[in-house]
Amino acid sequence: MLKPLSESKIAIIGLGYVGLPLAVAFAEKYKTVGYDIDSKRVDELQKGHDRTLEVTDVELQKVLVKTPVELEEKGLGLQITDAVLPISSCNIYVVTVPTPTDKHNKPVLTPMLKASEAIARVLKKGDVVIYESTVYPGVTEEECVPVLEKVSGLKFNEDFFAGYSPERINPGDKEHTVTKILKVTAGSTEEVAEYVDQLYKSVITAGTHKASSIRVAEAAKVIENSQRDINIAFVNELSKIFNLLDIDTQEVLEAAGTKWNFLPFRPGLVGGHCIGVDPFYLAQKAQEVGYHPEIILAGRRLNDSMGKHVATETIKHMMRKDLRVIDSKVLILGFTFKEDCPDVRNTRVIDIYKELKSFDMDVDVYDPWADPAEVKHEYGLEIVGGDIKNNLSQYSAIIMAVAHKLFKSWDLKKSDTQVIFDVKSVLTKESVDARL
């Protein structure tokens, strides 16, 4: 028997870029417990601050409660914890953990399976487990549900139920926030599908779309980013072609964009936790059923080549100006995977850095948005600080890799002694040596 939504208590498993905004949204209407295994992250959130900047301190502190007693007394709010016990009284569990790939680009389901184990230890009859993590079709029911059954001893679709509602968060986007993005929902039975749909509909102002099955919802999510990846790969390839033809890609796209149905994609680095990862999940499942995906993997290869392309083109421009390459100083502006966002997950700026270093160049990376400790831990790279803006003349080449608003205001101009490469094409054509 499903508990009425008005009496429900929700647990959000994973408090990252996706989980925290969702937890805050639910906490405005429901008793909500946010659970994460990262004690440092939990401590930070308990103090009312989100370093990912997806939720403001005011928004977080508005719903934050200190104790389970306070949560029960208020009847809504958000309790943050790294202990399993506080989630044991919940009846709805929403899993928002990462779904990365390994060094061979194979899907890593470990976070989802570990989250499922934690939930299973406190799972009760009538509970519903909803997954939001991006996966290939079949993961929820074929990989996660068996873990829930085995550890809990309960029977799927008799004792407990499952749902799927793929996340659509766009990190750093303050316009398309969680409640303003239409939500796809699905459930393991018709009754549960409606239950899950009504749950999200109660907090998502943009509305919901109820899919016919969990597998359909999983497939819908994984192709969203695969489609974007392929479209960006196409314009990245155009950029390489037009560069050889000495044609400015941006001017071509602006001209083509005057047609009403031309898709406005732009070339660039494709990183982050979604677009640069999700296509591999779809490819993995396709290969399991005997189909070798060609377009999907070709798009991935093309996009993954762009960092090296930027580096080699920069070096070519330096050589044309008779600038020394070996031991020369180069500055990369930006390291996060997108502008005005602190997220460095799967950033492809690292590809530019590694390629330049392979030519024995002295490379500095400057990014006030990125956490130096996180960058050092994840990539082994030291981000420089100090007064870079007023010391740009020391560099033989400057690559604007990320279009932070801060960088757009800098007076960057090409000269006989310095190459300027604008990866995001936000500077004027006349002020730079190259742009994608």
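Remember, it's a predicted structure, so these values are computed and weren't measured experimentally.

## What about the pairing of strand β7 (residues 161–164)?
What you see with β7 is no split at all: F161 and G163 on one side and A162 and Y164 on the other are buried throughout. A crossover connection joins strand β6 (residues 128–131) to the parallel β7 through helix α6 (residues 139–152); in handedness this β-α-β unit is right-handed. Sheet topology note: the β7/strand β8 (residues 183–187) ladder contains two bridges and is antiparallel. Across the sheet, G163 pairs through a bridge with G187, a residue of β8.

## Details of the nonpolar core
Core analysis: the biggest nonpolar cluster contains 41 residues, and I87, Y93, I119, L123, V129, Y131 and L148 have the highest contact counts within it. Contact partners of Y93, with chain neighbours within four places excluded, come to A11, I87, S88, I119, V122, L123, K124, D127, V128, V129 and I130. With 36 residues, the next largest nonpolar core counts F26, V94, V128 and L199 among its residues.

## What to know about the sheet that holds strand β5 (residues 92–95)
Backbone hydrogen bonds hold the strands of a sheet together, and the pairing may be parallel or antiparallel. A sheet is described by the order of its strands in space; here nine strands give the open sequence β3-β4-β2-β1-β5-β6-β7-β8-β9, paired in mixed fashion. In this open sheet, the two edge strands, each paired with only one partner strand, are β3 (64–65) and β9 (208–210). The sheet strands contacting helix α2 (residues 39–46) are β3 and β4 (77–81), and the helix crosses β4 at an angle near 145°. With respect to the sheet, helix α7 (residues 190–201) is in contact with β1 (9–13), β5, β6, β7, β8 and β9, its orientation differing from that of β8 by roughly 150°.

## Concerning the packing of aromatic side chains
The geometry of an aromatic ring pair comes down to the distance between the two centres and the angle between the two planes. Under the counting rule described, the total for this entry stands at eight aromatic pairs. Between F335 and Y379 the ring centres are 5.2 Å apart and the planes differ by 85°, which places this aromatic pair in the edge-to-face class. Taken together, the positions of F335 in the loop between β10 (329–333) and α13 (349–357) and Y379 in helix α14 (residues 372–379) put the pair 44 residues apart, joining distant regions of the chain. Residue class for F335 comes out buried when judged on its relative accessible area of 0%. Relative to W410, the ring of F407 has its centre 5.2 Å away and its plane inclined at 70°; by these criteria the two rings are edge-to-face. Residue classification places W410 among the buried residues on the basis of a relative accessible area of 5%. Connected via pairs of aromatic rings, a cluster forms that spans F26, Y30 and Y200.

## Here we look at the packing of helix α8 (residues 214–244) against helix α12 (residues 306–320)
One way to put it is that α8 packs onto α12 with a least axis distance of 12 Å and a crossing angle of 20°. With respect to α12, the element α8 is oriented roughly parallel. Taken as a pair, α8 and α12 cross one another with a handedness that is left-handed. Side by side, α8 and α12 meet where N236, K240 and N243 of the first sit next to M306, H309 and E313 of the second. Classifying every residue of the contact of α8 with α12 gives one nonpolar, three polar and two charged.

## A look at the side chain of H404
Take H404: it is sitting in the loop between β12 (397–400) and α15 (405–408). For H404, a relative accessible area of 0% gives the class buried. Within the local environment of H404, its side chain forms a polar contact with the backbone nitrogen of D340, the two atoms lying 2.8 Å apart. Every residue in contact with H404, bar those within four places of it in the chain, is listed here: G334, T336, K338, E339, D340, C341, D367 and W369.

## A few points about the pattern of salt bridges
Between side chains of opposite charge, a pair can form as their charged atoms come close. What the rule picks out here adds up to 26 salt bridges. Note that K321 is salt-bridged to D433, the shortest N-O span being 2.8 Å. On the criterion of sequence distance, the pair formed by K321 in the loop between α12 and β10 and D433 in the loop between β13 (419–422) and β14 (434–435) is long-range, its members being 112 residues apart. On the basis of relative accessible area, K321 is assigned to the partly exposed category, the value being 24%. For D433, a relative accessible area of 19% gives the class buried.

About the thresholds
- Residues numbered from 1 in each chain as written.
- Predicted model: local features only at pLDDT ≥ 70, side-chain atom pairs only at ≥ 80, totals over all residues.
- Heavy atoms only, no water.
- Buried < 20%, exposed > 50% of the residue type's maximum accessible area, 1.4 Å probe, protein only.
- Helix = DSSP H or I, 4+ residues; strand = E, 2+ residues; numbered from the N terminus.
- Right-handed = clockwise from strand over helix to strand, strands pointing away.
- Pairing = 2+ DSSP bridges.
- Core = buried A, V, L, I, M, F, W, Y, C linked by side-chain atoms within 4.5 Å.
- Contact = heavy atoms within 4.5 Å.
- Axes fitted to C-alpha atoms, helices over the stretch in contact; angles between N-to-C directions.
- Phe/Tyr/Trp six-rings, centres within 6.5 Å; stacked < 30°, edge-to-face > 60°.
- Parallel < 35°, antiparallel > 145°, perpendicular 65-115°, else oblique.
- Left-handed = near helix turned anticlockwise from the far one by under 90°.
- Nonpolar A, V, L, I, M, F, W, Y, C, P; charged D, E, K, R; others polar.
- Polar contact = N/O pair within 3.5 Å; in protein donor to acceptor, adjacent residues only side chain to side chain.
- Salt bridge = Lys/Arg side-chain N within 4 Å of Asp/Glu carboxyl O.

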